[in-house]
Amino acid sequence: MENLLKEQIGGLEFIKKMIPQKDPFVMIDKLLYFDPEKVISGLKVTPDNILTSSNGYFTEGGLIENMAQSIALHRGYRGYVNRGKDEKPKTGFIGSIKHATINSLPKVGTELITTVVIVAEIMMVSLVNIEVKDIEGNLIASSEMKTIIVDS
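Computed from a predicted model, the values in this text were never measured in an experiment.

Conventions used here
- Residues numbered from 1 in each chain as written.
- Predicted model: local features only at pLDDT ≥ 70, side-chain atom pairs only at ≥ 80, totals over all residues.
- Heavy atoms only, no water.
- Phe/Tyr/Trp six-rings, centres within 6.5 Å; stacked < 30°, edge-to-face > 60°.
- Lys NZ or Arg CZ within 6 Å of the ring centre and 35° of its normal.
- Pairing = 2+ DSSP bridges.
- Helix = DSSP H or I, 4+ residues; strand = E, 2+ residues; numbered from the N terminus.
- Buried < 20%, exposed > 50% of the residue type's maximum accessible area, 1.4 Å probe, protein only.
- Contact = heavy atoms within 4.5 Å.

## Looking at the packing of aromatic side chains
Stage number 1. A full pass over the atoms with the stated rule returns four aromatic pairs.
Stage number 2. An aromatic cluster is present here, built from Phe14, Phe34, Tyr77 and Tyr80 joined pairwise through their rings.
Stage number 3. In this structure, Lys38 packs its charged tip against the face of Tyr33, placed 5.0 Å from the ring centre.

The following block contains the structure:
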């Protein structure tokens, strides 16, 4: 598949329209790639992020939430393109996490690139593979997640 974005989309205000999470719990800040089976999001780890530890590292919970919100971004942007700009993003939850591996905790200032590949989608359930890398391509974390949308 090819990237359906003309250019990457940054800006927290736009991202917040695509996902159900609200401040201070937004763990993505840009949309880098989109196609029907894949999304790539970005996040710059900042010291004021609620899931950045006091010693300057993004936490394990922050990485998992970044993964989950990247999945929500795929659904949200797909809805934005297909159904209209005013549609509210759908609420969902993580049904399961398998094979989660966290290789390192990124420091403040690190640019995270999160790639979500949809393995299967049935009705409101998505099974995805996720990798989080830094800008140099080092694998920070990975997992397989199943998410379920609860809004109709």
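Picking up after the structure, the text goes on.
## Brief notes about the pairing of strand β5 (residues 111-122)
The side chains of a regular strand alternate, residue by residue, between the two faces of the sheet.
Stage number 1. Alignment of strand β3 (residues 38-44) against β5, held across seven bridges, turns out to be antiparallel. Each bridged residue has a counterpart across the sheet, and for Val39 the counterpart in β5 is Val116.
Stage number 2. When β5 meets strand β6 (residues 125-134), the two strands line up antiparallel, connected through ten bridges. Within β6, the position partnered with Thr115 by the bridge is Glu131.

## Here's the deal with the environment of Glu131
Stage number 1. Tracing the chain through its elements places Glu131 in strand β6.
Stage number 2. You can call Glu131 partly exposed: its relative accessible area is 36%.
Stage number 3. For the pair formed by Glu131 and Thr59, sequence separation is 72 residues and the distance between their alpha carbons is 16 Å.
Stage number 4. Not counting residues up to four positions away in its chain, the partners in contact with Glu131 are Ile113, Thr114, Thr115, Leu139, Ala141 and Ser142.

## A short note on unusual backbone geometry
Stage number 1. Residue Pro24 is reached from Asp23 by a cis peptide bond, and omega for that bond is 5°.
Stage number 2. A positive phi angle, close to 55°, is found at His99, a residue other than glycine.
Stage number 3. Position of His99 among the secondary structure elements: in strand β4 (residues 92-102).
Stage number 4. With a relative accessible area of 63%, His99 lands in the exposed category.
Stage number 5. The phi torsion at Met123 lies on the positive side, around 55°, for a residue other than glycine.
Stage number 6. Along the polypeptide, Met123 turns up in the loop between β5 and β6.

So yeah, pure geometry; function would need other evidence.
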